[in-house]
Amino acid sequence: MTLFRSTNFFFGLFFRFSIRHMAKFPGRALVVLLGISLGAAVFTSVRLSIHASLNSFNQSMEMITGIADRVVTRPGGRVPETLVGPLLKLPYVKSASPFLYTYVQPAMTGKSPFLLIGFDPILDRPFRKWQLQNSTLSDQGIWLDLMRFPYSIFAGQPLLDDLGIKPQDGLTLEHVGQSAGFIVLEALSSEGLALVEGGRVAITDIATFQEFTHIWGEVDRIDLLLDSTVSENQINQIHKMLPEGITLGMPNEDQLSGQRMISAYQLNLSVLSFVSLFVGMFLVYSLVALNAASRRKELAILRSTGASAKLIFFIFIAEGGFFGLVGWLIAIPISSVFAKYLLQGVGETISTLFVRVSVDNLTLSAWEIFVSLGMTMFISVLAAFQPAREAMKVFPKEAMDIGQPVATHRKSSRYLAITGVLFILMVWPLSSIPPPENFPFPGYLATFVLFLGFSMLSSWSLEMVAKITEPALLYLGKEPAWLAGRYVHSSGMRTAVSVGALITAVALFSALVIMVHSFRRTVELWANQTVAGDIFIRSKMADINRYKDPVSQNAMVFFNNLDEPVDIDIYRRLFLNYGKNLYQFEALKWDVYLRYGSFFWTEGNIKTGLQRLKNGEGVLVSEVFANRTGLGVGNLFQTSIRGTWFELPIIGVVRDYRTQGGVVYYSLEHYQDKTGDLNWGGVRVFFKDREKIPDEAVFQMRNRIIECCGDSVNVTLGTQLREAILKIFDETFAITTILLLIALVVAALGITSTLTVLVLERSRELNTILAVGGSYGQIRAMIFWEAFLMVLTGEFLGILCGIALSYLLVFVINKQSFGWTFLYGMDLKTLAVSYPLIIFTALAAAIPAIRMVFKQPPANLLRER
Amino acid sequence: MLPQNDRQRVAKMAIDLIIKAEKLSRIYVMESAHVVGLTNINLDIVVGETVVLKGESGSGKSTLLALIAALDRPTDGELSVAGCNIKNATEDRLTRFRRESVGMVFQNFNLLPTLNVNENIMLPGLLARRDNLSVKKKADKLLQWLGLSGRANHFPAQLSGGEMQRTAIARALINDPAIVLADEPTGNLDSRNSRIVMDLFQEIIGNGKKTLIIATHSTIADHIATMRLYLKDGALQFL
Ligand SMILES: Nc1ncnc2c1ncn2[C@@H]1O[C@H](COP(=O)(O)OP(=O)(O)O)[C@@H](O)[C@H]1O
Ligand SMILES: [Mg+2]
């Protein structure tokens, strides 16, 4: 009861004291709310879109995994189906279900591929949930039809809708070289398996699947349900009965490695979008600080009439909380608009970079809503903390003071600056802390400390800049500039805060420009040197099916009998796990490849290394692989591939920007010797005459390949492939660019609001200047010079901070979250264009403030306040 | 209308009239009502006069000073100060007028908190684009005269009320204006400091070249007045 009464009283007072005051100056509050809600909206929508991807990924994986306890797989290959019988005979194996899946292409529809699952409907019953729309499962007759009628499928409703067909319709599907007519028996009701890939999924009987895909006697995996009392010993028995190269593993390994990669990306974008919120924090700070400072007299009166210091403190904390809450509420509709655009982009980025996800709608998660509300509130309350403490210190006696309003006493700016420098010095050691398991926390902490350190420098730097430029100011801008310098020199925290916001935004801008430029330049170099080849050949849908299907026989025959002036590099590519990390194992013909392509070595001896690689004495690994696994030159690469044990020294580490995990390169000849796997994953064709590669010859060759085996292989020109790589790159960074622009907008709002507030707050001073003989022009010029000094300081420190940040991004954060680094390069051209542009924008943000001058008539000087 | 007390002064008036108001009015237009600040003021003041402007709070003293200082424009009637038509002059002209012709002293000092004492004093000189050195010299002299030499590098926040007001007086004098206006200059000061300030005003008018108008509701300036004006509800009263 008393609690209720006192909270009631508190909010009553808060409403009368704070809200009414804000309502008197709605413009200021609106700018702050707009800033904070933009920040919150970006943060929320980014998190929600990635969450949707993560969610859909997890759901797909869980539904596919079902309730299996263990799975039998063969890394880099398939499992013989004959194992099912012996496994089922084991007393502690309750059920076993062979399982196959692949992406197939609906013929001639122009629609994208979808997932086709093949299993034995009876054996699979205990593992996975699925229902038909118009019949119950006890209605055995219908779902056994899947076995009864060859080439029949059950399909998810979204897939049927997409293809524009309905049950009992036929459709033609393609897989590598084969195509066949299927009939849709029935639609799946949307639960269980039908939720995989958002419903773009179909199931068929295992026999149909194998016949259609030409996989005879093999399955992708066998799922096992074990007795709950199964012992360690018995599990070892299963291990032993499995042939060499076939493993018994946990069912969710792929899901975990996928999840880890998506989470790293989520963290990355979260941090990036958090910057907008962080900049919004400066906005909240500047308004709450203004309210506290300009209402000192009122606070003193409140205090002298009995309000406790604590009450005053909480009133200002509540102001922060108010901005957080209302800003967040405004952010909801904005985020739903943002999210609509982000959802697709984020989903596609995750699909190309890491694992395939398909998202079509946002999933609201209580946790994500909690995170976004919590973050926004936290940021806003934190921003209000310092002004609230200041307000708390107002003495009741001040109510009796009259006359000259005291200039906000200067915080010891030097003390702050020294703390800032200490923070900046901490950045390097912080960033070198090894990250705990793919979680790039130290890198982000270092980034935060860097921003904080530079923001702390702003007050002192403003003083210095004002002091150093004083003679120049007087010379260039006469009295107005001199006055501006004097003001900026001693204005203290208020100007420092908006400069801090500018530092943050300029730093982020510079760092991202540098990073994206370095990244792109490196990827371009990599695409031109490492992604070598004039024509690339691989099985149809090899990418989406992760090279599970080798190049067809007739294509192999074609290339073996080719007598053109070309060299052929044959490679075998397998998608495997090394511990918890997904990677690609690629065996290639070193002697051919190295004649035309090359690597950027970051570790290892390139001179001796190449020969050793050709001799099959070791492997070359990508940076991503090295960073994810913690292995480097001299360490052993140890794993079993298709039943063969590999134990090879790592000869070198090279840059590689292939998506979906790291890469390990090995000699094809030696791989074939060891494993007996003579399949081809793909072929690179090089024209021998490098001086002039006749376009015509390339096209002719392509046409010949298509003629011979176009039904089973994809033919891509090297130039096309390299262009596609850069296109993916640019698309990936489109999201980054948007986030960046929003952060800059919020910073510009910050400048506008701070300068406006500075003008309003000083209307008495400005009028005094007018009264003692300053002209309107001089006073406007003064505001302009103030803005100029602030922008100059902010941009200067922002550039320094940005350069430091770009090192962090390139060498720490990218390494920690994605495993790669790139050649550092400043994008001088872009920066040279954008810095003046930022100065102009920031100065333009001062225009409302300059126009605001003398909204208060000068005669008000003579009125008592 | 001229308070008719001295024939000699009337004779001099034709040449040395420095402030002339005719049917001067200032009405504040508010959302809901019109507030009378001043109404129908007729006033002639000649050079060298020390005018004490009296009246209760709200009677229009500040409004009149604001008009004379060209901080505001009349809503009706005519006002000419030191040859400047306050009603119709361009903004540029008014700026020049404020620089050259008037010095203003406020009740709450209105020093710029980010400038030190010396800089506050020099400011009008600099704004008027006068030669830096001569402004500096003049400021030094004023500091000396006001007993503020030791305070030149202090900031307003470090001064007492009396010191702030003396700084403000020096600022009002730096450009050697013909008219000095003071609105309740002792309103925020104790009696000792009030007396010091009044003594300073007395010294300013000593040579008879400056015209001084002090608005106050108290009697503190009565002894230096050569002319007294009473305002009530925005209108001049004749006693
Ligand atoms: N800016 C203004 N807006 C509205 N009314 C005003 C304004 N300035 C002064 N007034 C009104 O004009 C009248 C005269 O005020 P003022 O000149 O300040 O009196 P004094 O200085 O004698 O106390 C008062 O009624 C006051 O309320
Ligand atoms: Mg007054």
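Everything numeric here is computed off the predicted structure, so don't read it as measured data.

Caption draft 1: Quick look at the overall build of chain A. Helix and strand counts for chain A stand at 27 helices and 21 strands. Along the first, second and third principal axes, the C-alpha atoms of chain A reach 100 × 75 × 50 Å. For chain A, restricting intrachain contacts to residue pairs at least 6 apart in sequence, the fraction spanning at least 24 positions comes to 83%. Accessible surface computed for chain A: about 35,700 Å², of which carbon and sulfur atoms make up 62%. Charged side chains in chain A number 74 positive and 69 negative. The centres of these two groups are separated by 13 Å.

Caption draft 2: Representation of the state of the cysteines. All names here are of chain A. Tallying each qualifying case throughout the model produces one disulfide over all chains. Note on cysteine connectivity: Cys708 is disulfide-linked to Cys709, with sulfurs 2.2 Å apart. A torsion of 70° about the S-S bond marks the disulfide between Cys708 and Cys709 as right-handed. Taking relative accessible area as the criterion, Cys708 reaches 26% and is therefore assigned partly exposed. The class for Cys709 is buried, based on a relative accessible area of 0%.

Caption draft 3: Expanded view of helix α7 (residues 206–213) of chain A. All names here are of chain A. Among the eight residues in α7, six count as buried, and that is most of the element. When we look at burial in α7, the residues that qualify are Ile206, Thr208, Phe209, Gln210, Phe212 and Thr213. Contacts made by the buried residues of α7 are with β3 (93–106), β4 (114–119), β6 (170–175), β7 (178–188), β8 (201–205) and β9 (218–219).

Caption draft 4: View of the domain arrangement of chain A. Residue and element names in this part refer to chain A. Once the domains are mapped, chain A shows domain 1 (1–64 + 258–407), domain 2 (67–250), domain 3 (409–526 + 731–865) and domain 4 (541–711). Measuring from the centre of the C-alpha atoms in domain 2 to the corresponding centre in domain 4 gives 31 Å. Taken together, the 18 residues of domain 2 in the interface contact 13 residues of domain 4. Across the domain 2/domain 4 interface, buried area totals approximately 1,300 Å², and carbon plus sulfur atoms make up 50% of it. The largest share of the area that domain 2 buries against domain 4 comes from Gly76, Tyr103 and Val176, three residues that together contribute 35% of it. One salt bridge connects Lys548 with Asp220, and the closest N-O pair in it is separated by 3.3 Å.

Caption draft 5: Spotlight on the packing of aromatic side chains. Residue and element names in this part refer to chain A. Following the criterion strictly, the structure yields 53 aromatic pairs over all chains and no others. Taken together through their ring pairs, the aromatic side chains of Phe519, Trp526, Tyr657, Phe729, Phe733, Phe818, Trp820 and Phe822 make up a single cluster. Positioned above the aromatic ring of Trp130, the side-chain terminus of Arg125 is 5.0 Å from the ring centre. One cation-aromatic arrangement involves Arg295 over Phe17; the distance from NZ or CZ to the ring centre is 3.9 Å.

Caption draft 6: Up close: the packing of helix α4 (residues 117–127) of chain B against helix α5 (residues 132–146) of chain B. Residue and element names in this part refer to chain B. In the contact formed by α4 and α5, the axes pass within 9 Å of each other and the chain directions differ by 135°. On the basis of the axis angle, α4 is oblique to α5. The interaxial crossing formed by α4 with α5 has right-handed handedness. The residues of α5 that touch α4, namely those facing Val117, Asn118, Ile121, Met122, Gly125 and Leu126, are Asn132, Val135, Lys136, Ala139, Leu142 and Leu143. Class assignment for the residues of the contact of α4 with α5 results in eight nonpolar, three polar and one charged.

Caption draft 7: Here's a closer look at the side chain of A:Arg221. Residues and elements named next belong to chain A. If you trace the backbone, Arg221 turns up in strand β10 (residues 221–226). Reaching out from Arg221, the side chain makes a polar contact with the side chain of Asp223 at a distance of 2.8 Å. Aside from chain neighbours lying at most four places away, what touches Arg221 is Ile64, Thr65, Val71, Val72, Thr73, Val79, Ser97, Pro98, Phe99, Tyr101 and Arg128.

Caption draft 8: Summary view of the pairing of strand β1 (residues 17–29) of chain B. Residue and element names in this part refer to chain B. The sheet contact formed by β1 and strand β2 (residues 34–46) spans nine bridges and is antiparallel. Paired with Ile27 across the strands is Val36, a residue of β2. The antiparallel hairpin formed by β1 and β2 contains four residues in its connecting segment. Relative to strand β4 (residues 76–81), β1 runs antiparallel, the two sharing five bridges. The residue bridging Ile19 from the neighbouring strand is Val81, located in β4.

Caption draft 9: The arrangement of the nonpolar core in detail. With 205 residues, the main nonpolar core has A:Tyr265, A:Leu269, A:Phe316, A:Phe323, A:Leu483, B:Leu123 and B:Phe201 as its most contacted residues. Excluding residues that lie within four positions of it along the chain, A:Phe323 makes contacts with A:Met22, A:Ala29, A:Val32, A:Leu33, A:Ile36, A:Val284, A:Leu287, A:Val288, A:Trp328 and A:Ser380. With 43 residues, the next largest nonpolar core counts A:Ile535, A:Tyr578, A:Phe625 and A:Met701 among its residues.

Criteria and cut-off values
- Residues numbered from 1 in each chain as written.
- Chains lettered and ligands numbered in written order.
- Predicted model: local features only at pLDDT ≥ 70, side-chain atom pairs only at ≥ 80, totals over all residues.
- Heavy atoms only, no water.
- Helix = DSSP H or I, 4+ residues; strand = E, 2+ residues; numbered from the N terminus.
- Contact = heavy atoms within 4.5 Å.
- Areas by Shrake-Rupley, 256 points an atom, 1.4 Å probe, with all protein chains shown as cover.
- Lys, Arg positive; Asp, Glu negative; His and termini not counted.
- Charge placed at Lys NZ, Arg CZ, Asp CG, Glu CD.
- Disulfide = S-S within 2.5 Å.
- Buried < 20%, exposed > 50% of the residue type's maximum accessible area, 1.4 Å probe, protein only.
- Domains from an automatic or database assignment.
- Buried area = accessible area lost by both parts, 1.4 Å probe.
- Salt bridge = Lys/Arg side-chain N within 4 Å of Asp/Glu carboxyl O.
- Phe/Tyr/Trp six-rings, centres within 6.5 Å; stacked < 30°, edge-to-face > 60°.
- Lys NZ or Arg CZ within 6 Å of the ring centre and 35° of its normal.
- Axes fitted to C-alpha atoms, helices over the stretch in contact; angles between N-to-C directions.
- Parallel < 35°, antiparallel > 145°, perpendicular 65-115°, else oblique.
- Left-handed = near helix turned anticlockwise from the far one by under 90°.
- Nonpolar A, V, L, I, M, F, W, Y, C, P; charged D, E, K, R; others polar.
- Polar contact = N/O pair within 3.5 Å; in protein donor to acceptor, adjacent residues only side chain to side chain.
- Pairing = 2+ DSSP bridges.
- Core = buried A, V, L, I, M, F, W, Y, C linked by side-chain atoms within 4.5 Å.

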